[in-house]
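# Summary of the model geometry
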Amino acid sequence: MEAIRLAAILVTLALAPAPPAPVAPSGPVAYSGTGAWIDRYDFATLDDPELVVADMASHGVRTLYLGTGSWRTPRTIDIEAPRPTERLIRAAHARGMKVVAWYVPDFKHLRLDMRRVGAAVAFRTRDGQAFDSFALDIEATAVNPLSRRNAALMRLSRWIRMAVGPHYPLGAIVPDQLSTTRAGGLWPGFPYARAAKDYDVFLAMAYSTLNRAHGPGRVYAYTAANVRFVRHATHRPVHLIAGVTDAMTPAEQAVATRAARDAGAIGTSLYKYKLYDTGSWAALSAFDAGRP
């Protein structure tokens, strides 16, 4: 029965009209430039979606990263807050912004995770608009040992790539370098090279705020090292996600986005929109202003 359900998901995705897969020499377009994040916890306090997008656009945001749910979402729900999601997609597209869906699986219930990924990729507004890309947030540690977790990640990744086809842009949101290279970290021995077979761009969660680095100099070095590490490990474009915004000083935010640019990231963002302040917007604006 589970195999039949999975097959149904794949068929549904194959039949659904997929959004175009824009590709630029610098990497997938949807992940280039500055971005802003909205997660599943924001919908309860989210202001008018059109005003939210207008605010982002006024500060030069190119991509809205919009959470559709996580493994904590009730099992009967595939897309959290579908009505605000629709309004955000339509408002963003009207202003020339891209919208990337992202979902957090636990890797324990792969068919449920796949169903929800499929729902995000197949999601359409009433006038037929879709997400421009999908990114898998890879950080849950419920499955152990690591060999089983890696196997589950690769299995889900392969299912997703098979479902969307070879040209649909997929992103992988991954833990930082320290979490994936040190024993006792969040995901030591992370299979970057194998994951690169299914994902077009990697979004590095280089959160200096997780007691990684403090002060502008150290934040710059830490951020640049993460971009270079992931680029080398995957040979894919990298979008750098800096730390939790309200735990960073304006100077730390500024050097994080500068380090991302200097190290060759195609895009950068801060986590998350609800926490942005004047310093956040200035840091993000500087990224695009300093690019060729």
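Refer to the structure above for everything that follows.
Throughout this document, residue positions are counted from 1 along each chain, in the order its sequence is written. It should be noted that, the model being predicted, local features are given only for residues of pLDDT at least 70 and side-chain atom pairs only at 80 or more, the latter also being counted only at that level, while totals for whole chains, interfaces and linings use all residues. Only hydrogens and water are removed before side-chain values are computed, so all heavy atoms of the structure are retained for them.

## Here's the deal with the overall build of the protein
Scanning the protein for helices and strands turns up 10 helices and 10 strands. Our radius of gyration looks at C-alpha atoms and nothing else; its globule reference is 2.2 Å times the residue count to the power 0.38. At 18 Å, the protein has a C-alpha radius of gyration in line with the 19 Å of a compact globule built from 292 residues. Seen through its C-alpha atoms, the protein measures out along the principal axes to roughly 55 × 45 × 35 Å. Working definition: with a 1.4 Å probe on protein chains only, accessible area under 20% of the residue-type maximum means buried, over 50% means exposed, and in between means partly exposed. When each of the 292 residues of the protein is scored for burial, the buried share is 55%. Two residues qualify as a contact provided that any one of their heavy atoms is within 4.5 Å of a heavy atom in the partner residue. For the protein, long-range pairs separated by at least 24 residues make up 82% of all intrachain contacts whose partners lie at least 6 apart in sequence. Calculation of accessible area relied on Shrake-Rupley with a 1.4 Å probe; when residues are assessed, cover is drawn exclusively from the protein chains displayed. For the protein, the accessible surface area stands at approximately 12100 Å², while carbon and sulfur atoms represent 56% of it. Note on charges: Lys and Arg go in the positive column, Asp and Glu in the negative column, and His and the chain ends are not counted at all. A single reference atom marks each charge: NZ on Lys, CZ on Arg, CG on Asp, CD on Glu. Between the mean site of the 34 positive side-chain charges and the mean site of the 24 negative ones, the protein shows a separation of 7 Å. Note on conventions: DSSP H or I runs of at least 4 residues are helices, E runs of at least 2 residues are strands, and numbering of each starts at the N terminus.

## Focus: the layout of surface pockets
Buried and open spaces are told apart on a 1 Å grid over the protein atoms alone, a cavity being a set of points where a 1.4 Å probe fits but cannot get out and a pocket being an open set with protein on both sides within 12 Å along at least five of seven lines. Residues with an atom within 4 Å of a point are the lining residues. Grid points are joined across faces, edges and corners, and a volume is the space filled by probe spheres set on the points. Space inside the largest pocket adds up to approximately 360 Å³. What lines the largest pocket is a set of 20 residues, among which Trp102, Val104, Asp137, Glu139 and Tyr271 lie closest to the centre. Of all the secondary-structure elements, those providing two or more residues to the lining of the largest pocket are β4 (63-70) and β5 (98-104). Counting residues per element, the lining of the largest pocket draws most heavily on β4, at 4 residues. Charged means Asp, Glu, Lys or Arg here, nonpolar means Ala, Val, Leu, Ile, Met, Phe, Trp, Tyr, Cys or Pro, and polar covers whatever is left, Gly included. Considered class by class, the residues forming the lining of the largest pocket number 11 nonpolar, 4 polar and 5 charged.

## Focus on helix α4 (residues 110-122)
Here α4 contains 13 residues, and its C-alpha end-to-end distance of 18 Å stays within 8% of the 18 Å for a straight helix at 1.5 Å per residue. The set of residues buried in α4 consists of Leu110, Leu112, Asp113, Met114, Arg116, Val117, Gly118, Ala119, Ala120 and Val121. The span expected for a helix works out to 1.5 Å for each residue beyond the first.

Such coordinate-based values are descriptive only and should not be taken to indicate function.
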